[in-house]
Amino acid sequence: MSRRDLAVVALGLALAAWLVVRATYGSLPPLRWWLPVPLAVLAVAEALGARTLRTRLAAERTARRGASRPAEPGAPLVRRVEPLLVARLAVLAQASAYVGAVFAGVWAGVMLHVAPSVSRLSAAGDDTVTAVVGVGCAAALTAAALWLESVCRVPPDEDGPQDGARAL
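Reading the values: the criteria
Residues numbered from 1 in each chain as written. Predicted model: local features only at pLDDT ≥ 70, side-chain atom pairs only at ≥ 80, totals over all residues. Heavy atoms only, no water. Helix = DSSP H or I, 4+ residues; strand = E, 2+ residues; numbered from the N terminus. Buried < 20%, exposed > 50% of the residue type's maximum accessible area, 1.4 Å probe, protein only. Lys, Arg positive; Asp, Glu negative; His and termini not counted. Salt bridge = Lys/Arg side-chain N within 4 Å of Asp/Glu carboxyl O. Contact = heavy atoms within 4.5 Å. Core = buried A, V, L, I, M, F, W, Y, C linked by side-chain atoms within 4.5 Å.

Draft legend 1. Representation of the side chain of Glu-46. Here Glu-46 lies in helix 2 (residues 37-65). No salt bridge is formed by the buried Glu-46. Its closest oppositely charged neighbour is Arg-3, at 13 Å. Beyond its immediate sequence surroundings of up to four residues, Glu-46 is in contact with Leu-92, Ala-93, Ser-96, Leu-141, Ala-144, Ala-145 and Leu-148.

If you want it as C-alpha cells, here you go:
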C-alpha cells in the first residue's frame with residue numbers, strides 16, 4: 001500500500017470536510033472528545049497484534065533454521081503461524097490504514113474550520129480539542145495498520161534464488 005495514496009485520501013477528505021463543516025457548522029451537534037476514541041482502541045489492538053505476530057514469526061523462522069539440530073531440553077515449543085491468519089491480518093491492516101486516512105482527513109477538515117474560530121465561538125474550543133484528538137487517533141490507527149502490514153510481508157527466502165533469479 002502506498003503512503004502517497006493514503007496522503008491523497010486524507011488531504012482530499014480534509015478539503016471536503018472543511019467545506020461541509022464550513023457550510024453546516026451551526027447545525028452540527030456538539031463534538032465530544034470521546035468520539036474518536038474507538039480509532040485509538042483499534043490502533044492499540046493492531047499494534048499489539050503486529051508485535052505478537054512479529055514475535056511468533058521470528059520464533060518460527062528461528063525454529064525452522066534450527067530444525068536440523070536436535071531440540072534442546074527445555075526449549076519452548078513454537079506453535080506454527082497459520083498462513084491464512086497472516087493473510088487476513090494483512091487485509092485488515094490495509095483496510096484499517098484507509099480508514100485511518102479517511103478519519104484523519106475528516107478530523108483535519110473539522111480542525112481547519114474550528115481552530116481559527118476559537119476566539120469567536122464558544123463551542124469551537126471544545127470542538128478543536130475533539131478534532132485534535134481525532135487526528136491523533138486516526139494517525140495512530142494508520143501507523144499501527146502500516147506496521148501490521150509490514151509484519152505480514154513475506155521476507156526474502158534465505159535459501160532461495162538470489163539477485164532476482166527465478167526458480168524453475
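Draft legend 2. Molecular detail of the pattern of salt bridges. Applying the stated criterion across every chain, the model contains two salt bridges. For Arg-64, the salt bridge goes to Glu-60, with nearest N and O atoms at 2.8 Å. Separated by four residues within a single helix, Arg-64 and Glu-60 lie in helix 2, roughly one turn from each other. When its relative accessible area of 55% is taken as the criterion, Arg-64 is described as exposed.

Draft legend 3. Inspection of the nonpolar core at higher detail. By size, the foremost hydrophobic cluster in this structure holds 15 residues, and its most contacted members are Tyr-25, Leu-39, Trp-107, Val-110 and Val-114. Of all elements in the fold, only helix 2, helix 3 (83-114) and helix 4 (122-152) reach the threshold of two or more residues within this core. It is helix 4 that provides the largest number of residues to this core, a total of six residues. When neighbours within four sequence positions are excluded, Leu-39 is seen to be in contact with Val-99, Phe-103, Trp-107, Cys-137, Ala-138 and Leu-141. Ranked by size, the runner-up nonpolar core spans 10 residues in total, among them Ala-50, Leu-57, Val-86 and Ala-93.

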